[in-house]
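Examining the three-dimensional arrangement
Residue-level listing of the chains:
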Amino acid sequence: MKDHGAMQRIVRELAAIVGDRHVSDAAEERYLYGRDMGTMPPAPPDMVVLPGTTAEVQAVVRLANRERVPLVPMGAGLVLSGLTRALAGGIVVDLKRMNRVVAVNDVSRYAVVEAGTSQGMLQAYLKKHHPTLKHSLPDAPPMATIGGNVLIHGSGHMSCAYGFHSDMLNGLEVVLPTGEVARIGSCAVSDYWFARAPLPDLAGLFLGWAGTTGIVTRLAIKLFPRYPFNDVAIFVADDPAVIPDVLGRLTAVQVAEDMTAWMTPKPAWAAGHQHVNICWGGHSREELICKRDLLRAAVRDYIQARTAGFMPLPPPLKKRFTRLPDSQLTTFADVRKGGGFEYVGAIMPVDLFAAAYRLGVRVAEARGVAYSLGARIIGANHCMMFFFAYAFNRADDADVARAQGALEETNREVIALGGIPWKAEAPAQQAILARMDPSTRELMARLRRAVDPNGIMNPGNWETER
Amino acid sequence: MDHAEILHRCFRCGYCKLPGNHVDLNCPAYLESRFETFSPGGRMWLLRAWRDGELEASERFQRILFSCATCANCTEQCVFPKFKDRLLDVFAAGKAALVEAGRVPPAVRDYLTAVFDHGNPFKLPPKRRTLWAEGLDLPRFDGQAYLLWIGDVGAGDPRGRQMARQVARVLQRAGIQMGILGPDETSDGNEAAALGEGELFSHLARQNIARFRERGVRRIITLSPHGFNALSRLYPAHGGDFAVFHYTQILARHMDRLAPPTGGPPLAVTFHDPCYLARHNGEVQAPRRILARLPGVTLQEMDRSGKNALCCGGGGGNYFTHLLGEGPDSAARVRVREATATGTAVMLTCCPTCLAMLESAAVSQNLDGRLRVCDLAELVMERLDGCS
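Keep in mind the model is a prediction, meaning the values are calculated, not measured.

Next up on the list: the overall build of chain A. Regarding its fold elements, chain A presents 14 helices and 19 strands. For 466 residues, the compact-globule formula gives about 23 Å, and the C-alpha radius of gyration of chain A, at 22 Å, lands near that figure. Counting only C-alpha atoms, chain A reaches 75 × 55 × 45 Å along its principal axes. Sequence-distant contacts, at least 24 apart, represent 69% of the contacts inside chain A between residues at least 6 apart. Only carbon and sulfur atoms are counted for the fraction: they give 54% of the accessible area of chain A, which is about 18,000 Å². Once the 50 positive and 46 negative side-chain charges of chain A are each reduced to a mean point, those two points are 3 Å apart.

What follows is the structure, encoded as structure tokens:
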């Protein structure tokens, strides 16, 4: 902990780097940047800085190294699990001034963006300038950043076809914890950002590390054809035990871009049912219908046995389910009239679907927590991100504590089942590390020491040596 | 403070920062600052912290509250239907609490003091309030069909006066029978209300309503969308029951009364929707109907238009207080850059505040000479007179 005079000097030096307007140690910024929308307790930074260029990030990192001050990289701060809280104080580096779309290659179908570029702005940019291309959008508000979502292994509306958003990453520009700028992927060798292959893949040093190994300033992501025709169907079953097989059949057809299960006690018509949204597209109506028929054929056995079937969907409802991003998901935060929800997003094998469903219902009902459950399928049934979302009233401490307890229990139980909490809160990270192969944990520790010798990067997260 | 019961319901999801099509940041204060604290959600959380005693009403806190341009992008885009319409009321209540506590930025204090002492923020003596109308042969209101309400910026800002003259001329040419209050016109209070000075607003509203009634005013045309908002949406709560129109609504109805425009060379223009016309009052068609009646004029919309328009940054008193600054990320400068991106050389609007803000920004952006900012009425008059 530095004294006030030293902190003031650091503020002045930061101002010299980014300009007076883009640094603050005011109480207001320290308050707001010290907390997110989830249940984790606040941890305020000493100051917040808004760099505008990679060179400015580099200068900030060098200053932080010299002064041994922690750095907390931040995109939109929408992670909900407290990863951008300043657990050891220091400087929050808000990257949203770095929001330019640097380049789009519409032949090799990738976009290079600054890390603070929002999902919504890239979506709008592509619609205007490259209307035949799109990127995979997460179920997050449009201010969520491309960089943040890729780096936490996010997933989205094309994950059934193409995997995690980190799988769609072509390359990175990253300011290392010691201040050097490194390029990862083809851009390290070429002017093109077309792939991470065939080089030794260093991207893993920065994916899933919660900002503890560097500050990514640019990245390239894959783009995909935007279908002019799109459709959605909802398959409904009552027995969660059949869902892995249903998903296996539907994904085997390999026509869906997105497949997401959802289970919720409200509205009443949805209670007790397992719904699977299947989204696909086509270049023509004929292609759309052909794909629909393939999907129907895949689950015909269930329909004929009358144990499950497709829900009739009038056009307005189809529109609501194909709208991207879907703002209705955000409104779950107001279920308790209290502006809060957080979820355990567990990366799990699809085999565990029924167990995960039962876990979510049991935890929520035992604790009296408003809940919504679901699962996004990643790849051709390769795994799922099963989410256990719990709403709370921010103004009611007991309600927040109930949700927090539900999240903690869910994290524990998920790990016990064989899943792994995604973008885990700091305590859940420790639970994962406790279960982790010791050699893997030691490798993480060695890598961390090697890239961040002064231990300045987002301390308190992935603390392998605690 | 009023509306405190919804402060904690904001999730800070950030939809409020963007327009409906998500093309770019659309909250002027957040756009200029980029600190989360200056976003609508940030304001909600900070207000709650202040109410709970976790924060002081520091100078920065005051700046965060009062730099809100009241553009209503947040209310337009918020995804929580049960309280989205109250966001600006929450911010006004927060500002009101600061006013009550005497904790406001000096520029806000000076604005409110000027309106209280002089009846307008420019400290204009009554006889100078009619400078804009000199030589126009505009009668005092005496039972004509309409009262033409000019408002503070039309009367006090040099560019606003030019606009007011052209609006009056084009309405006269369309045969609209109207009078003005002249030296008896005072502030309509729209900005006082937005700045949380409810008592001052109430005083102005009651005073103006009484004047309208004394003179038998039934129908009012406003120069400014701000005045339109005050008179049509805020005055009814104080007993105002007048038919209120923005000048573009009247002009759009009566374009056929104007002599067939002789036109001029082909001209591509873009149009900036004023927040208090488009978002606050839902009027996006009237200006476009006028443009559609001008031969040779084609409209190139900006990426953000209608209810998605980026504010000029002048609302909520910011035209007077300058709390949003004039840097490269100020809303007005971003907006004139967006206008030039359409490839047009003329940026139109229909609000004296927007006009002054955007023209100033064009100069700051070194676009003067390449981008002409003018009012819709000015263009109509030029086209009617056959010159461009």
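On we go.
Residues and elements named next belong to chain A. Compared with the 20 Å implied by 1.5 Å per residue over 14 residues, the 20 Å span of helix H14 (residues 438–451) between its first and last C-alpha is a close match. If you check which residues of H14 are buried, you get Met444, Ala445, Arg448 and Val451. Around the axis of H14, the buried residues are gathered within 145° of arc, so they sit on the same side. Exposed side of H14, more than 90 degrees from the buried face: Pro438, Ser439, Arg446 and Ala450 are the residues found there.

Before going further, it helps to examine the domain arrangement of chain B. All names here are of chain B. One can read the domain layout of chain B as domain 1 (4–104), domain 2 (118–253) and domain 3 (260–387). The junction of domain 2 with domain 3 conceals about 2,700 Å² of combined surface from both sides, 67% of it contributed by carbon and sulfur atoms. Applying the counting criterion to the domain 2 and domain 3 interface returns three salt bridges. Glu378 serves as the salt-bridge partner of Arg159, at 2.7 Å between the closest nitrogen and oxygen. There are 13 residue pairs in polar contact (both at pLDDT 80 or more) connecting domain 2 and domain 3. Looking at the side of domain 2 that touches domain 3, the elements that each hand over two or more residues are helix H7 (151–156), helix H8 (158–173), helix H9 (190–194), helix H11 (225–234) and helix H12 (247–253). The biggest single contributor to the side of domain 2 that touches domain 3 is H8, with nine residues. When grouped by side-chain class, the residues that make up the side of domain 2 that touches domain 3 number 14 nonpolar, twelve polar and six charged.

About the cut-offs
Sequence order as written defines residue numbering, which begins from 1 separately in each chain. Chains and ligands are labelled by the order in which they are written, letters from A for the one and numbers from 1 for the other. Two thresholds apply to this predicted model, a pLDDT of at least 70 for residue-level local features and 80 or more for giving and counting side-chain atom pairs, whereas whole-chain, interface and lining totals are computed over all residues. Hydrogens and water are ignored here; the side-chain numbers use all heavy atoms of the structure. Strands here are runs of E lasting at least two residues and helices are runs of H or I lasting at least four, both read from the DSSP assignment and numbered beginning at the N terminus. We compute the radius of gyration from the C-alpha atoms alone; for a globule the expected value is 2.2 Å times N to the 0.38, where N is the number of residues. It only takes one pair of heavy atoms within 4.5 Å for two residues to be counted as in contact. Only the protein chains shown count as cover for residues, with accessible areas throughout obtained via the Shrake-Rupley method and a probe of 1.4 Å. This count recognises Lys and Arg as positive and Asp and Glu as negative, with His and chain-terminal groups excluded. The location of each charge is read from NZ of Lys, CZ of Arg, CG of Asp or CD of Glu. For a helix, the expected span equals 1.5 Å multiplied by the number of residues minus one. Classification of residues uses two cut-offs on accessible area relative to the type maximum, computed with a 1.4 Å probe and protein chains only: under 20% is buried, over 50% is exposed, and between them is partly exposed. The arc in question is formed by the directions pointing from the helix axis toward the C-beta atoms. Segmentation of the chain into domains, including their bounds, is taken from an automatic or database domain assignment. Each of two parts loses accessible area, computed with a 1.4 Å probe, when they are put together; buried area is these two losses added. Between Lys or Arg on one side and Asp or Glu on the other, a salt bridge is scored when a side-chain nitrogen of the former is within 4 Å of a carboxyl oxygen of the latter. N or O atoms closer than or at 3.5 Å make up a polar contact, with two conditions inside protein: a donor-capable atom paired with an acceptor-capable one, and, for residues adjacent in sequence, both atoms drawn from side chains. Residues were grouped as follows: Ala, Val, Leu, Ile, Met, Phe, Trp, Tyr, Cys and Pro as nonpolar; Asp, Glu, Lys and Arg as charged; and all remaining residues, including Gly, as polar.

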